[in-house]
Amino acid sequence: MNLRDSLLAVLVALLWGLNFVAIDIGLHAGGQEFPPLLFVAMRFVLVVFPWILFVRKPDVSWKAIIGVGLFMSAGQFGLLYLAMALGMPAGLASLVLQAQVLLTVLLAAAFLGERPSRRQLAGVVLGVAGLGLVAVGRSAVAPLLPLVIVLAAALSWAAGNVIARRAKAASGLGLVVWSGAVVPLPLGALSVLLDGPDAVWRSLATLQAPTILSALYTAVFASLVGYGIWNRLLASHPSSAVVPFTLLVPVVGMSAAWLVLAEVPSPTELAGGLLLLGGVATAVLTSGGRRRQRREAEPLPDRGAGLAAGDADDGGRLAAAGPPAGGREAEGR
C-alpha cells in the first residue's frame with residue numbers, strides 16, 4: 001500500500017482502539033451504570049438513522065442481513081457491553097476480543113470448508129495458550145465471568161464474519177447500516193425485560209453528556225467512518241496487506257485505557273496478551289502474503305471487480321479483519 005492508504009489504515013486502528021475507552025466512559029458516566037443493552041440499542045439507532053434512507057440495501061438475502069445483524073452486531077456488542085458493565089477493563093477487552101480472528105479460522109473451516117494452513121493452526125494454538133494465561137492472571141484479581149462473556153462476544157463476531165463471508169456483499173457500508181437495523185428493537189426489549197421499564201426510562205430521562213458523546217463516537221467514528229475507510233482499503237488492496245493493521249487495535253486500546261482510565265494489566269495478563277497477539281499475528285501474517293499480493297494485483301479478465309472478490313477468497317481467515325460491524329470487513333470488525 002502507498003503511504004496515504006497505510007496512514008488511513010493506522011487511523012482506522014486508532015478509531016477502533018479508542019472505541020473501547022469510549023464505551024467504558026459511556027457506561028459509567030457520572031458514577032451511574034447505564035444499562036448496557038440499552039446502550040447498544042442507542043448506538044445502532046445512530047448507525048441506522050438517517051443513513052438507511054440514503055444507503056442502498058446490499059445485494060444479499062434478508063437471511064444474511066439478519067444473520068450479520070444478530071451475530072456481528074447484536075451478539076458481539078451486546079455481550080461486549082455487558083462484560084464491560086460487569087467490570088471487564090476496556091484495554092483487556094480490546095485485547096481478548098481479537099480472539100475472533102482465531103475463532104473465525106475455526107468456524108470457516110467447519111462451515112465453509114476453508115482448510116486452515118499449518119501456520120493458522122499454530123496461531124490458534126498460541127492464541128489459546130495466551131487466553132489461558134490471561135484467564136489465570138485475571139482470576140487472581142477479579143471474577144472470570146466478564147472474561148468469558150468477552151470470549152462469547154468474540155465467538156459471536158466470528159459467526160457473523162462467516163455469514164458475511166458467505167454472503168459476499170459488494171457494499172460493506174450497506175451491510176453495516178441495513179444489518180444494524182436488526183439491533184435496536186430486540187436489545188431495547190431485552191433491556192426492558194432484564195433491567196426493568198423504570199430503570200430504562202430513568203436512564204433515558206437522565207442521559208449524561210458523556211454517554212451521548214460515547215454513543216455518537218461509537219456509531220459515527222468507529223462504525224460508519226472506520227468501516228467506510230476499511231472497506232475502501234479492502235476493495236483497493238489485497239487483504240493480506242490491509243488486515244495486519246488490526247494488530248494495532250489492542251495496542252491502541254490498552255494504551256488509551258492506561259492513559260485515560262489508569263488501567264494497568266498484571267504481568268500475567270500482559271504476558272498472556274502478548275502470546276495471544278503472537279497467535280493472531282501467526283494466523284494473519286502468512287509467509288505466502290507477498291505471493292498473494294502479486295497474484296491478487298494481476299488483472300482478472302473474467303471478473304470485472306476481481307479485486308474485491310479476490311480479497312474475499314483470501315483464505316477465510318481474513319474474515320476477521322476488524323471490529324464492528326459487518327460487511328467487507330468480515331472478509332471484522
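Up top is the structure these notes are about.
Below or above, wherever it landed, is the structure these notes cover. (Residues numbered from 1 in each chain as written. Predicted model: local features only at pLDDT ≥ 70, side-chain atom pairs only at ≥ 80, totals over all residues. Heavy atoms only, no water.)

This part takes up helix 1 (residues 3-27). Because each turn of an α-helix spans 3.6 residues, side chains separated by three or four positions end up pointing in the same direction. In a regular helix each residue adds 1.5 Å, so 25 residues correspond to 36 Å; helix 1 covers 37 Å between its end C-alpha atoms and thus fits that length. Largest kink in helix 1: about 25 degrees, centred on Asn-19. Of the residues that open helix 1, the one with a side-chain oxygen 3.3 Å from the backbone nitrogen of Arg-4 is Asn-2. (Helix = DSSP H or I, 4+ residues; strand = E, 2+ residues; numbered from the N terminus. Expected span 1.5 Å × (residues − 1). Bend = angle between axes of the 7 residues up to and from the residue. Polar contact = N/O pair within 3.5 Å; in protein donor to acceptor, adjacent residues only side chain to side chain.)

With the rule as written, the count across this model stands at seven aromatic pairs. Look at Tyr-217 and Phe-221: their rings are 5.5 Å apart centre to centre, the planes differ by 25 degrees, and that puts the pair in the stacked class. Linking Tyr-217 with Phe-221, this pair stays in helix 11 (residues 209-236), spanning four residues, or about one helical turn. Over the ring of Phe-77 we find Arg-43, and its NZ or CZ is 4.2 Å from the ring centre. The cationic tip of Lys-57 hangs over the ring face of Trp-62; the distance from NZ or CZ to the ring centre is 5.0 Å. (Phe/Tyr/Trp six-rings, centres within 6.5 Å; stacked < 30°, edge-to-face > 60°. Lys NZ or Arg CZ within 6 Å of the ring centre and 35° of its normal.)

Our focus in this paragraph is the nonpolar core. Grouped together as the largest cluster of nonpolar side chains are 84 residues, with contacts concentrated most on Leu-80, Tyr-81, Met-84, Met-88, Val-96 and Leu-97. A total of eleven residues in this core trace back to one element, the largest contributor, which is helix 3 (residues 62-85). With residues up to four places along the chain from it excluded, the contact list for Val-96 reads Met-88, Leu-131, Val-134, Leu-147, Val-150, Leu-151 and Leu-276. (Core = buried A, V, L, I, M, F, W, Y, C linked by side-chain atoms within 4.5 Å. Buried < 20%, exposed > 50% of the residue type's maximum accessible area, 1.4 Å probe, protein only. Contact = heavy atoms within 4.5 Å.)

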